[in-house]
Amino acid sequence: MILKPKGTYDIYGDTAKYYNYINEVFKTVCEYYNYEYIRTPIFEDSELFHRSVGETSDIVSKETYDFKDRGDRNLTLRPEGTAGVVRSFIENKMYGDVCQPKKFYYSGTMYRYERPQAGRYRELSQIGVEVLGSNSPLMDAEVISLAYRLLEEMGIEVTVKINTLGDQESRNAYREALVSYLEPNIDSLCSDCKKRLTTNPLRILDCKVDKDNEVLINAPKITDYLNEESKTRFDKVLEYLTYLDVDYEVDASIVRGLDYYNHTVFELVADIPSLGSATTVCAGGRYNNLVSFLGGPDTPGIGFASGVDRLIHVLQEINSEKEIEPAIDVYVMAVNEEEKLTALRLVQDLRWSEVKCEMDTLDKGLKAQFKQADRYNARTLIILNSEDLQKGIITVKDNLTKEETKVDESEILDYIISNL
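Colleague: Can you help me understand the packing of aromatic side chains in this one?
Modeller: Across all of its chains, the model carries 7 aromatic pairs by this definition. With 6.0 Å between their ring centres and 65° between their planes, Phe 89 and Tyr 95 make a pair best called edge-to-face. Taken together, the aromatic side chains of Phe 26, Tyr 37 and Tyr 105 make up a single cluster linked through ring pairs. The lysine or arginine in question, Arg 51, covers the ring of Phe 293, its NZ or CZ lying 4.8 Å from the ring centre. Here the guanidinium or amino end of Arg 122 rests over the ring plane of Tyr 113, the centre of that ring lying 4.0 Å away.

Colleague: Looking at this structure, how should I read the side chain of Ser 125?
Modeller: Counting through the fold element by element, Ser 125 comes out in strand β6 (residues 123-132). Among the residues examined, Ser 125 registers a relative accessible area of 3% and is labelled buried. Separated by 3.2 Å, the side chains of Ser 125 and Tyr 9 make a polar contact. Sequence-distant contacts of Ser 125, defined by excluding residues within four places in its chain, comprise Tyr 9, Tyr 19, Gly 108, Thr 109, Ser 306, Gly 307, Val 308 and Asp 309.

Colleague: Would you mind showing me how to read helix α1 (residues 13-32) here?
Modeller: The periodicity of an α-helix, 3.6 residues per turn, causes residues three or four positions apart to be oriented the same way. The end-to-end C-alpha separation of α1 is 29 Å, in line with the 28 Å expected for 20 residues at 1.5 Å each. Among the residues making up α1, those that are buried are Ala 16, Lys 17, Tyr 18, Tyr 21, Ile 22, Asn 23, Val 25, Phe 26, Val 29 and Cys 30. The first or second residue beyond α1 is Asn 34, which carries a positive phi of 65°.

Colleague: For this particular structure, what's the right way to read the sheet that holds strand β2 (residues 43-45)?
Modeller: Consider a sheet: its strands pair through backbone hydrogen bonds, and that pairing is either parallel or antiparallel. Spatially, the 3 strands line up as an open sheet ordered β2-β4-β3, and their pairing is antiparallel. Unpaired on one side and paired on the other, β2 and β3 (66-68) mark the two borders of the sheet. Pairs of neighbouring strands in the sheet enclose a mean axial angle of 40°, with direction left out of account. Direction of pairing for β2 relative to strand β4 (residues 74-77): antiparallel, over a ladder of 3 bridges. Bridge pairing in β4 links Asp 45 to Leu 75.

Colleague: Would you mind showing me how to read the sheet that holds strand β11 (residues 301-307) here?
Modeller: Across the sheet, 8 strands lie side by side as β1-β5-β6-β11-β10-β9-β7-β8; this open sheet has mixed pairing. Two strands bound the open sheet, and with one partner strand each, they are β1 (36-37) and β8 (248-250). Set on the sheet, helix α4 (residues 82-91) makes contact with β5 (102-111) and β6; between it and β6 the angle comes to about 45°.

Colleague: Please explain helix α14 (residues 366-375) as it appears in this structure.
Modeller: When α14 is considered as a whole, its buried residues turn out to be Gln 369, Gln 372 and Ala 373. Projection of α14 onto a plane perpendicular to its axis shows the buried side chains occupying an angular sector of 100°, all on one side. In α14, the exposed residues that point more than 90 degrees away from the buried face are Lys 367 and Arg 375. Looking at the packing, one finds that the buried side of α14 touches β12 (330-333) and β14 (380-383). Immediately beyond the C-terminal end of α14, within one or two residues, lies Asn 377, with a positive phi of roughly 55°.

Colleague: Looking at this structure, how should I read the environment of Asn 185?
Modeller: Following the sequence through the fold, Asn 185 ends up in the loop between α6 (168-182) and α7 (191-199). What makes Asn 185 partly exposed here is its relative accessible area of 27%. Once the C-alpha coordinates of Asn 185 and Val 215 are considered, the two residues, 30 residues apart in sequence, prove to be 7.0 Å apart.

Colleague: Is there a simple way to think about a negative patch on the surface in this case?
Modeller: A surface patch of negative charge is lined by Asp 408, Glu 409, Glu 411 and Asp 414. Its place among the elements puts Asp 408 in strand β16 (residues 404-408).

Colleague: What is the right way to read the nonpolar core from this model?
Modeller: As a rule of thumb, nonpolar side chains are buried together in soluble globular proteins. Judged by nonpolar contacts, the single largest core of 44 residues is most densely connected at Ile 22, Tyr 35, Val 129, Val 143, Ile 156, Ile 162 and Leu 268. Top element by residues in this core is helix α5 (residues 137-153). It accounts for 9 residues. Excluding residues that lie within four positions of it along the chain, Tyr 35 makes contacts with Cys 30, Lys 103, Phe 104, Tyr 105, Val 129, Val 131, Met 139, Glu 142, Val 143 and Leu 146. Of all hydrophobic cores here, the second largest spans 41 residues; its members include Ala 83, Leu 178, Val 179 and Ile 204.

Colleague: Got a minute to help me understand the pairing of β14 in this structure?
Modeller: Across a regular strand the side chains alternate sides, sitting on one face of the sheet and then on the other. By the alternation rule, side chains of β14 split into Thr 380 and Ile 382 and Leu 381 and Ile 383, which are all buried. With 4 bridges joining them, β12 and β14 adopt parallel strand pairing. Directly across from Met 333, in β14, lies its bridge partner Ile 383.

Colleague: I'm lost on the pattern of salt bridges in this one. Help?
Modeller: When the charged atoms of two side chains with opposite charge come close together, those side chains can pair. Tallied over the full model, the rule gives 20 salt bridges. Of the charged contacts, one joins Glu 152 and Arg 149 as a salt bridge, the two residues approaching to 3.3 Å between their closest N and O atoms. On the criterion of helical spacing, the pair formed by Glu 152 and Arg 149 is a turn pair, its members being 3 residues apart in helix α5. Overall, Arg 149 belongs to the partly exposed group, its relative accessible area being 22%. The shortest N-O distance in the salt bridge between Lys 236 and Glu 239 comes to 3.4 Å.

Colleague: Explanation requested: the environment of Ser 170 in the structure shown.
Modeller: Relative to the helices and strands, Ser 170 is located in helix α6. Sequence spacing of Ser 170 and Lys 231 is 61 residues, and the spatial spacing of their C-alpha atoms is 9.6 Å. Apart from the residues lying within four places of it in its own chain, the contact partners of Ser 170 are Tyr 225, Leu 226, Asn 227 and Ser 230.

Conventions adopted
Sequence order as written defines residue numbering, which begins from 1 separately in each chain. With the structure being a predicted model, the display of local features is reserved for residues of pLDDT at least 70 and the display and counting of side-chain atom pairs for 80 or more, all residues being used for whole-chain, interface and lining totals. To obtain the side-chain values, all non-hydrogen atoms of the structure were included, while hydrogens and water were left out. Under the pairing criterion, centres of Phe, Tyr and Trp rings, with the six-membered ring standing for Trp, must be within 6.5 Å; the plane angle then separates stacked pairs below 30 degrees from edge-to-face pairs above 60, leaving the rest tilted. Any Lys NZ or Arg CZ found within 6 Å of a ring centre and within 35 degrees of that ring's normal is scored as a charge over the ring. By definition, any uninterrupted DSSP run of H or I lasting at least four residues is a helix, any uninterrupted run of E lasting at least two residues is a strand, and each is numbered from the N terminus. Whether a residue is buried, partly exposed or exposed follows from its accessible area with a 1.4 Å probe, protein chains only, as a fraction of its type maximum: under 20%, in between, or over 50%, in that order. For this analysis, a polar contact is any N or O atom pair within 3.5 Å, provided that within protein one partner can donate a hydrogen and the other can accept it, and provided that sequence-adjacent residues contribute only side-chain to side-chain pairs. A contact between two residues is defined here by any heavy atoms of the two lying within 4.5 Å. Helices are assigned an expected span. That span is 1.5 Å times one less than the residue count. In short, DSSP must find at least two bridges between two strands for them to pair. Axis angles are defined between N-to-C directions and span 0 to 180 degrees, where every axis is a line fitted to C-alpha atoms and, for a helix, only to the segment in contact. This arc corresponds to the set of directions leading from the helix axis out to the C-beta atoms. Nonpolar side chains (Val, Leu, Ile, Met, Phe, Trp, Tyr) within 5 Å and like charges within 9 Å form the patches, drawn only from residues with over 30% relative accessible area and no salt bridge. Here the open area of atoms and residues is found with the Shrake-Rupley method and a 1.4 Å probe, where only the protein chains shown may cover a residue. Only one rule defines a salt bridge in this text: a Lys or Arg side-chain nitrogen within 4 Å of an Asp or Glu carboxyl oxygen. Charge convention: Lys and Arg are scored as positive, Asp and Glu as negative, and His as well as the terminal groups of each chain are ignored. By convention, the point assigned to a charge is CZ for Arg, NZ for Lys, CD for Glu and CG for Asp. Think of a nonpolar core as a cluster: buried Ala, Val, Leu, Ile, Met, Phe, Trp, Tyr and Cys residues, connected wherever their side-chain atoms sit within 4.5 Å.

Below is the structure:
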């Protein structure tokens with residue numbers, strides 16, 4: 001028997017139920033905010049991810065699936081969504097569009113060679129948004145608010161943990177101070193942190209191994225090294241979030257793992273015991289230099305991503321099944337051939353009228369069909385029998401109240417639609 005590769009999974013049954021629910025809510029919320037859908041390739045030129053994400057990041061140094069195709073081209077399965085969207089923005093010259101900024105949402109699979117664990121896989125599903133063309137703190141607040149409302153819509157209570165990396169001047173000043181502080185204490189940190197001291201010292205603050213180490217707890221805070229412009233900008237973002245009733249905490253340890261971030265960075269955290277006391281379910285930040293770094297015009301950007309697998313785990317943990325219980329509007333019951341022909345046409349007419357319905361195709365008896373309708377959580381039953389059909393009548397039953405109504409066959413479609 002051939003088994004699926006380690007760190008991958010099949011989407012079916014309850015998993016598919018959650019997967020579809022999350023994507024449907026995400027699409028609806030994004031379209032309310034006037035974001036448009038974008039799809040980028042699953043694999044891209046390796047340089048795109050190695051340059052944008054950063055050679056020293058964990059994703060590139062440890063986790064990317066790199067390979068050569070038959071044309072000897074270096075390709076990489078996408079490990080995250082931002083770089084591909086930015087590449088598409090540049091390649092398709094979207095910066096020339098009259099309507100700016102460009103606001104996108106995406107969903108799809110990403111690939112990272114990491115140790116599989118609860119809610120984390122090597123083939124992972126992500127949803128995310130990217131906004132290109134606005135540097136306004138208002139846009140920072142909008143993107144964070146969108147993520148916050150999205151999770152709220154799913155019944156997931158979160159707190160926004162937010163920080164700023166400042167502009168390049170502020171970041172350089174902080175980097176210098178941080179390295180000076182860490183150098184005398186570096187032997188007390190893990191091997192990865194020792195490597196990061198020279199390659200990407202800010203990433204040390206995000207270390208999961210040493211997160212409770214006194215050295216990191218007492219490290220300098222970047223907020224103490226912000227120039228006036230960066231500080232004013234960050235204060236504006238916080239002001240707007242307060243005005244939008246978004247719960248947030250300023251957390252100086254939030255630095256994010258990718259090299260392209262600057263200014264606002266954030267994580268949305270839920271209290272889910274099975275995933276740890278503080279579980280990050282969504283994260284993102286601003287990347288004002290990425291478009292120009294990849295060969296496009298100077299264009300600011302901001303976005304976030306959320307792992308669908310992690311969201312599914314959270315929804316299961318907080319018992320949100322009631323919200324997304326699979327159900328159909330109508331179950332049509334028929335036994336003999338005459339009844340089945342009527343059912344077949346009726347089901348098609350209902351479906352074309354955007355009514356979710358089903359009928360038996362396994363030659364079950366009427367009693368078994370009643371049980372099947374209950375399994376589908378059908379709201380309404382249409383019970384066909386030959387005697388009624390000869391009189392031009394159809395029986396409709398409310399599956400909750402159990403009340404039955406006789407409806408003229410010529411009016412059945414209008415009756416069902418008006419009573420749903």
